[in-house]
Amino acid sequence: MTLFQMEVLVAVSDSGSFTRAGEKIGLSQSGVSHTIHALEKELGISLFTRSRSGVKLTAAGVQVDASARIILEQTAAIKRIAAQAAGIHQATIRIGSFPSITKSFLPALLKSIHKLYPQMETRLLEGSYQEIKQWLQTGVVDVGFHPWPEAGLEGTLLISDNLHAVLPAHHPLATKSLVTLEQLADEPFIMPMAGCDRLVGSAFQKNGLEPQTAFEVADNATILAMVEAGVGVTVIPALTLPASLPKVTVIELSPTVTRHIGLAVPSLAKASPAVLAFMREAERIAPTL
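Structural notes, computed from the coordinates. (Residues numbered from 1 in each chain as written. Predicted model: local features only at pLDDT ≥ 70, side-chain atom pairs only at ≥ 80, totals over all residues. Heavy atoms only, no water.)

## A closer look at the pattern of salt bridges
Then, in step 1: Taken as a whole and judged by the stated rule, the model has 10 salt bridges.
Then, in step 2: A salt bridge links Arg-50 to Glu-40; the nearest nitrogen and oxygen atoms lie 3.3 Å apart. Separated by 10 residues along the polypeptide, Arg-50 in strand E1 (residues 48–51) and Glu-40 in helix H3 (residues 29–43) bring together distant segments of the chain.
Then, in step 3: Taking the relative accessible area as the measure of exposure, Glu-40 reaches 11% and is therefore buried.
Then, in step 4: For the salt bridge of Glu-150 with Arg-198, the shortest nitrogen-to-oxygen distance reads 3.7 Å. (Salt bridge = Lys/Arg side-chain N within 4 Å of Asp/Glu carboxyl O. Helix = DSSP H or I, 4+ residues; strand = E, 2+ residues; numbered from the N terminus. Buried < 20%, exposed > 50% of the residue type's maximum accessible area, 1.4 Å probe, protein only.)

As structure tokens, this is what we get:
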């Protein structure tokens, strides 16, 4: 058993739904289901009864849930003691982030951090990849999200994010299940800026291609609006896609192009206990994204 499994168990018990539990803790519905199934398999019992109206604890599940809550409360108490001893509680952390991470990953991380360390203060600065690296090197921020690995920075890989082709809904390629960079190379191309241009340009270059860049745009909403209007195609990371898309078609690339995202500091040896605690919690949460 793991503490994470207990956290998921309690979240499902409180919400009465795998979907709502996932929304609460930043985990997909399938991730919640898989976690509960693994726990039930290990214990050899059913923890929940499932019906159209939701899920309810079984008789054994009620007892396990009660014990899980005690364990989680004691674990939180231990972390508070350790944090106080390490001077984490009174710390302020300045975080550098870029829009897709700010939207998709940071809210769940900050919620968890503030729950673990209620007196810890966090400050957010949002910018481009280049700006975040500069902020880290000049001490403007203490820790920052950045494409990984990156020369001159230390830290840990958190997330792997695949890039996708985005086409107008009625584009001739819109019916394909996969699209190659070669197929996109002769199309009017909208280059996503603020750092993604380096990754996208490199992907084309590795395949001996050069996109016919007609526009260079930093704002993701503007890029999608331009694709919808039919003025070009683009390639953007999955995390930048909104939950509700305009009239565009999103298609996987072949071969796959992946953006790796890490959490970085100038030096792990010189990082404060608060920053290291922040990084550990990010590593714990990252697999749930």
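## Things to note about the nonpolar core
Then, in step 1: Counting residues in hydrophobic clusters, the biggest one holds 41 residues, and the most contacted among them are Phe-105, Leu-109, Val-143, Phe-145 and Phe-278.
Then, in step 2: Contributions of two or more residues to this core are made by strand E3 (92–97), helix H6 (106–116), helix H7 (129–138), strand E5 (143–147), strand E6 (154–168), strand E12 (258–265) and helix H11 (273–285).
Then, in step 3: Considering each element in turn, this core owes the most residues, 7 residues, to H11.
Then, in step 4: In this structure, Leu-173, Val-179, Val-235 and Val-257 belong to the second largest nonpolar core, which totals 18 residues. (Core = buried A, V, L, I, M, F, W, Y, C linked by side-chain atoms within 4.5 Å.)

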